[in-house]
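What follows is each chain in one-letter form.
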Amino acid sequence: MSGCDVKTEGRFALWEVGCSDYHRASNPFTMGLWRWHLRISKHKEKTCVELLVQPHSEKNVHPIVTFKMRVRPLPPNPAIRADHIEIFDLPLRMNGFAWMLDSFVTVRFLIEVKFLDLKITDQINHGQTSIWPSFTTSNGSIRAHSNVLSARSPVFRSMFSHNLKEKQLSAVHIPDMTIDECQCFINYMYDNLEEKYFIAHRVALLGAAEKYDVSDLKVACHDSLSQDLDTENLIERLQVAHFYQLPELKRSCIRLLVDLMKVYEIHDDFNEFIKTADTGLVVEILQHVLGSKLTGVF
């Protein structure tokens, strides 16, 4: 990997900058519909960090971007003070966004961008629409009919097709979900689950999707859990990915921990996690660490 390459995972982008890298641009990286790059320069003893975007080649549309940008020391050496800025709904064009730091950085450091949302302008209604998919369905009443459940799940179809207690009682006992979680699951089966409830209960819904073989729900949960990875949920998502055998989500979690160096930000939580984690999962993380240049992780 060259010194101009930007590491990306999920909605994060990370660029490691050397002390002699001033007046240098990164290689392009992709986020959403666009190609981006970062640029670093020195202006009167100050550090300027820029985020630039290329217009979409086919649609010639420009993004409206919400993001967090951080400049932080290269772990584990806190040689500079971490600084950050958060920008909301910024229409970004060729001139890009420039952030002027108050001091001139003279050591290696990291520039991190977390893209919170990317929107485009609707050419017809002139409103703003996020390009990232969200889970939305229509509204309506809920009634759990066996034919609806059977149509969405081969497990339910088997229950109601054979002379089992579920068919005899016309009821399914689901002891491993709360009432709210179960309601969300039934709502999904009726294409009637609102996004906010899906987000709140998606881990439980993932368990139900696995148990009752609802493949489209499992995909929706996986995609959603991958979209908002952050330090606050990284350990939990890693455990969920390992338990439900979601290799892409697990790979994203490990890359964020190691390649994008989030492990240093949650070091205490990570150490507690390692004490009780599945041995196979710990070995996977260790192998990734050994293949990187990180120190002081274990």
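Residues numbered from 1 in each chain as written. Predicted model: local features only at pLDDT ≥ 70, side-chain atom pairs only at ≥ 80, totals over all residues. Heavy atoms only, no water.

Looking up the protein chain in an unreviewed UniProt entry gives the name BTB domain-containing protein, with the organism given as Urochloa decumbens. Checking UniProt for the protein chain, the heading Pathway (unreviewed entry) contains the comment "Protein modification; protein ubiquitination." (UniProt positions renumbered as here; feature names shortened; annotations may be inferred.)

**Observations concerning the overall build of the protein chain**
Secondary structure summary: the protein chain contains 11 helices and 11 strands in total. The buried share of the protein chain, taken over its 298 residues, is 44%. If you take every contact in the protein chain between residues at least 6 apart in sequence, the share linking residues at least 24 apart comes to 60%. Carbon and sulfur atoms make up 51% of the accessible area of the protein chain, which totals about 15,900 Å². (Helix = DSSP H or I, 4+ residues; strand = E, 2+ residues; numbered from the N terminus. Buried < 20%, exposed > 50% of the residue type's maximum accessible area, 1.4 Å probe, protein only. Contact = heavy atoms within 4.5 Å. Areas by Shrake-Rupley, 256 points an atom, 1.4 Å probe, with all protein chains shown as cover.)

**Observations concerning the pairing of strand E9 (residues 97-101)**
Residues Phe97, Trp99 and Leu101 of E9 are buried on one face, while the alternating residues Ala98 and Met100, pointing to the opposite face, are not. Bridging between strand E6 (residues 46-54) and E9 involves 5 bridges; their strand directions are antiparallel. Bridge assignment links Val49 to a residue of E9, and that residue is Trp99. (Pairing = 2+ DSSP bridges.)

**Looking at the side chain of Glu181**
As for its placement among the helices and strands, Glu181 is situated in helix H4 (residues 179-189). Of the buried charged residues, Glu181 lacks a salt bridge, with Lys211 as the closest side chain of opposite charge at 11 Å. (Lys, Arg positive; Asp, Glu negative; His and termini not counted. Salt bridge = Lys/Arg side-chain N within 4 Å of Asp/Glu carboxyl O.)

**Digging into the nonpolar core**
Ranked by size, the top nonpolar core spans 53 residues in total, and within it Phe185 and Leu217 carry the most contacts. Dropping the residues within four chain positions of it, Phe185 is found in contact with Phe156, Met177, Leu205, Ala208, Tyr212, Val214 and Leu217. Grouped together as the second largest cluster of nonpolar side chains are 30 residues, Val17, Leu51, Val113 and Trp132 included. (Core = buried A, V, L, I, M, F, W, Y, C linked by side-chain atoms within 4.5 Å.)

**Section: the packing of helix H9 (residues 247-257) against helix H11 (residues 279-290)**
The geometry of H9 relative to H11 is characterised by a closest axis approach of 10 Å and an angle of 50° between their N-to-C directions. Taken together, the axis directions place H9 and H11 in an arrangement best described as oblique. Relative to H11, the crossing made by H9 is right-handed. Of the residues in H11, those touching H9 at Lys250, Ile254 and Arg255 are Leu281, Glu284, Ile285 and His288. Residue classes in the contact of H9 with H11 are distributed as 3 nonpolar, 1 polar and 3 charged. (Axes fitted to C-alpha atoms, helices over the stretch in contact; angles between N-to-C directions. Parallel < 35°, antiparallel > 145°, perpendicular 65-115°, else oblique. Left-handed = near helix turned anticlockwise from the far one by under 90°. Nonpolar A, V, L, I, M, F, W, Y, C, P; charged D, E, K, R; others polar.)

**As for the packing of aromatic side chains**
Evaluated as defined, the whole model comprises 9 aromatic pairs. Their ring planes at 25° and their centres at 5.7 Å tell us that Phe185 and Tyr212 sit as a pair that is stacked. Of the two residues, Phe185 is situated in helix H4 and Tyr212 in helix H6 (residues 202-212); the sequence distance between them amounts to 27 residues. Side by side, Phe185 and Tyr212 carry an identical accessibility label, which is buried. Counting every residue linked through ring pairs, the aromatic cluster contains Phe29, Trp34, Trp36 and Phe115. (Phe/Tyr/Trp six-rings, centres within 6.5 Å; stacked < 30°, edge-to-face > 60°.)

**As for the environment of Leu257**
Tracing the backbone shows Leu257 in helix H9. Take Leu257: its relative accessible area is 1%, and that puts it in the buried class. On a C-alpha basis, the gap between Leu257 and Thr231 in space is 8.7 Å, while along the polypeptide they are 26 residues apart. In contact with Leu257, not counting residues within four places along its chain, are Leu234, Leu238, Lys262, Val263, Ile266, Phe270 and Leu294.

**Focus on unusual backbone geometry**
We note that Asp89 has phi near 45°; this positive angle belongs to a residue other than glycine. Mapping Asp89 onto the fold places it in strand E8 (residues 83-91). Even without being a glycine, Met261 presents a positive backbone phi close to 60°. Relative to the helices and strands, Met261 is located in the loop between H9 and helix H10 (267-276). You can call Met261 buried: its relative accessible area is 3%.

**Brief notes about the state of the cysteines**
One pass over the structure, following the stated rule, counts 0 disulfides. Looking at Cys182, it has no disulfide partner, and the nearest cysteine sulfur is the one in Cys184, 9.4 Å off. (Disulfide = S-S within 2.5 Å.)

**Comments concerning the pattern of salt bridges**
Applying the stated rule across the entire model yields 20 salt bridges. For Asp89, the salt bridge identified is with Lys119, shortest N-O distance 3.3 Å. Within this pair, whereas Asp89 is found in strand E8, its partner Lys119 is found in strand E10 (residues 109-121), the two being separated by 30 residues in sequence. When its relative accessible area of 17% is taken as the criterion, Lys119 is described as buried.

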